[in-house]
Amino acid sequence: MSQKLSIAIAGLGTVGVGLIELLHQERDLIRARAGVDITVTAVSARDKTRDRGIDVSGYQWFDDAATMAAAPGIDVVVELIGGHEGIAKDVVETAIKAGRHVVTANKALLAHHGTALAKLAEEHKANLAYEAAVAGGIPAIKGLREGLAANEVTEVFGILNGTCNYMLTEMAATGAPFDEILADAQALGYAEAEPSTDVDGYDAAHKLALLAAIAFARPVDFDAVHVDGIRHISPLDIHYADELGYKIKLLGQAKRHAGGVSQTVRPQLIPKSLPVANIDGVLNAVVMRGSFVDEVLLVGRGAGGGPTASAVAADLIDIARGIAPPIFGITTGHMQAESPANDTVPESKQAYYLRVSVKDEPGVFADIAATLRDHAISLETVVQRGHEPGQNVPVILTTHPSSETAMRSALATIDAMDTVLAPTQLLPIMPA
Ligand code: HSE
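Just so it is clear, the structure is predicted and the values come from calculations on it, not from any experiment.

What follows deals with the site of the ligand. As a matter of local geometry, the ligand sits amid Lys107, Asn161, Gly162, Thr163, Asp198, Asp203, Lys207 and Ala303. Contacts to the ligand include Asn161, whose side-chain N or O atom sits 3.5 Å from an oxygen atom. Separating a nitrogen atom of the ligand from a side-chain N or O atom of Asp198 is a distance of 2.9 Å. Isolated, the ligand exposes 260 Å² of accessible area, and the fraction of that covered by the protein chains is 82%. If you list the elements that add at least two residues to the shell around the ligand, you get α7 (162-174) and α10 (202-216). Across the shell around the ligand, the residue classes break down as one nonpolar, three polar and four charged.

Inspection of every chain in the model, using the stated rule, returns two aromatic pairs. Ring geometry for Tyr130 and Phe328: centres 5.3 Å apart, planes at 40°, overall tilted. Linking Tyr130 in the loop between β6 (128-129) and α6 (140-147) with Phe328 in the loop between α12 (305-321) and β13 (351-359), this pair joins segments that are 198 residues apart in sequence. Like Tyr130, the residue Phe328 is buried in the burial classification.

To continue, consider the confidence of the model for the protein. On average, residues of the protein score 94 in pLDDT, and 97% of them are at 70 or above. Taken as a whole, residues 340-344 scores under 50 in pLDDT and shows ten contacts with residues more than four places along the chain or in a different chain.

Another point: the sheet that holds strand β2 (residues 37-44). Spatial strand order, β3-β2-β1-β4-β5-β6: six strands in an open sheet with parallel pairing. Bordering the open sheet on either side are β3 (60-62) and β6, each of which pairs with just one other strand. Its contacts with the sheet place helix α4 (residues 87-97) against β1 (4-10), β4 (76-79), β5 (101-104) and β6, and it is angled at close to 165° to β4. The sheet strands contacting α12 are β1, β2, β4, β5 and β6, and the helix crosses β5 at an angle near 160°.

As a further point, take the environment of Ser262. Within the element layout of this structure, Ser262 appears in strand β10 (residues 260-271). Given the relative accessible area of 2%, Ser262 is considered buried. Along the chain, Ser262 and Ala212 lie 50 residues apart, while their C-alpha atoms are 9.0 Å from each other. At 2.8 Å, the side chain of Ser262 and the side chain of His257 are in polar contact.

Another aspect to go through is the pattern of salt bridges. Applying the stated criterion across every chain yields a total of 22 salt bridges. For Lys272, the salt bridge identified is with Asp242, shortest N-O distance 2.6 Å. Of this pair, Lys272 sits in the loop between β10 and β11 (283-290) while Asp242 sits in helix α11 (residues 235-244), placing them 30 residues apart in sequence. Judged by its relative accessible area of 41%, Asp242 falls in the partly exposed class. It is possible to trace a salt-bridge network through shared partners that takes in Arg27, Asp28, Arg31 and Asp37.

Spanning 15 residues, α10 covers 21 Å between terminal C-alpha atoms, matching the ideal 21 Å at 1.5 Å per step. For α10, a buried count of 14 out of 15 residues is recorded, marking the element as mostly surrounded by other parts of the structure.

Here β4 shows two buried faces, one formed by Val76 and Val78 and the other by Val77 and Glu79. Note that β1 and β4 share four bridges and pair parallel. For Ile9, the partnering residue across the bridge sits in β4 and is Val78. By the bridge criterion, four bridges tie β4 to β5 in an arrangement that is parallel. Looking across to β5, one finds that Glu79 is bridged to Thr104. Note on the crossover from β4 through α4 to β5: the handedness is right-handed.

Our next topic: the environment of Gly290. Mapped onto the secondary structure, Gly290 falls in strand β11. Using a relative accessible area of 11% as the deciding quantity, one classes Gly290 as buried. Once the C-alpha coordinates of Gly290 and Ala215 are considered, the two residues, 75 residues apart in sequence, prove to be 9.3 Å apart. Look past the residues within four positions of Gly290 in its chain and what remains in contact with it is Leu148, Asn151, Glu152 and Val153.

Moving on, we come to the pairing of strand β15 (residues 392-399). Most of β15 sits out of view: seven of its eight residues are buried. Both β13 and β15 contribute to a ladder of seven bridges, which runs antiparallel. Residue pairing for β15: Val358 is matched across the bridge by Val393. In terms of strand pairing, strand β14 (residues 379-383) meets β15 through four bridges, oriented antiparallel. Within β15, the position partnered with Val383 by the bridge is Ile396.

The rules behind each value
Residues numbered from 1 in each chain as written. Predicted model: local features only at pLDDT ≥ 70, side-chain atom pairs only at ≥ 80, totals over all residues. Heavy atoms only, no water. Near = heavy atom within 4 Å. Polar contact = N/O pair within 3.5 Å; in protein donor to acceptor, adjacent residues only side chain to side chain. Areas by Shrake-Rupley, 256 points an atom, 1.4 Å probe, with all protein chains shown as cover. Helix = DSSP H or I, 4+ residues; strand = E, 2+ residues; numbered from the N terminus. Nonpolar A, V, L, I, M, F, W, Y, C, P; charged D, E, K, R; others polar. Phe/Tyr/Trp six-rings, centres within 6.5 Å; stacked < 30°, edge-to-face > 60°. Buried < 20%, exposed > 50% of the residue type's maximum accessible area, 1.4 Å probe, protein only. pLDDT = per-residue confidence, 0-100. Contact = heavy atoms within 4.5 Å. Pairing = 2+ DSSP bridges. Axes fitted to C-alpha atoms, helices over the stretch in contact; angles between N-to-C directions. Salt bridge = Lys/Arg side-chain N within 4 Å of Asp/Glu carboxyl O. Expected span 1.5 Å × (residues − 1). Right-handed = clockwise from strand over helix to strand, strands pointing away.

Structural data, given as structure tokens:
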């Protein structure tokens, strides 16, 4: 490599522009730390004429990012287009096959094709770096892959989606329902016009699949992630959780069990005494548990031009320094075979929160309690406020640790009762 690292940027959205600004502003510091200049040579985006607030006329322009990916004189291709098929995949594959290193922020691409792309990169001796793909500016990949490299990782979990964390925080602060907070979040630019990727949990699931692959030396297995979002969380749940000493957070969690590895994204009640319960607003948090390190908590901004550009630039500096760790912490040939698909939901016991919507009349609670008893589910707390004869009232229950299979079977019976007026809300409770 010459005295400069020549990069091509595919995609000039917030992160691409943020990266150009960062490389310009921190140029001297980066040269000193990386040992070379990191220089933008070429760029590609959909619309050459768009005003992005920066001057890109000094860079070679490509209408076609895949052509740029194989162009001469480029050391690293930075893929910031997004999406798991089409042009982004083309750009990354073309770059690797042409012997370029790749830095990407594209969690969807890696969640779907990570192992195949890592294998391709190994074959072509290319680096495929993706710090920006998980939790934006937080060094979650380096923290887990490099920092905990000497540990057997037992669990990694966290708040992996800032949009959901912001919305849950606002719902708790205002008591307003999901739809109202979503509209506000969209108006403020914290949620996309098409919010599904965030609020239905897929964005967090993409990130979790990458963390799980590193943590457990497995192929990336996005299809095995059990995904649930936050649309069904009501202000009532947040209110009762608070009263019982919990906060509701959308958690991505990958855990080793006797039977395999579970990967889940779902809202959970978290005891307020745990630090992760108090990570609010748009912040992300990643907790890692290892055999010797015990517990590590990383907190920071998971999105935005500055934090994401910071992570991309850190990967570029690694490449300039000649640092090339195995892409998922272990070479693809040494990854453990995938676990059976039925290990996606933990079989170990956990406590649950239930909100049952019942008709307020004698004997209703007794029927529910009897059903839980018949499934060997033990109750910890019961809350029912007010008295509205014949009307729909919420009964809030928390249980002692119980098996999810038993819980789902009990719920099938409970929800079929004439006196139960809506599907029961079921959320796991994280142990303190
Ligand atoms: N939309 C994501 C979030 C950031 O809200 O955290 C990019 O993955």
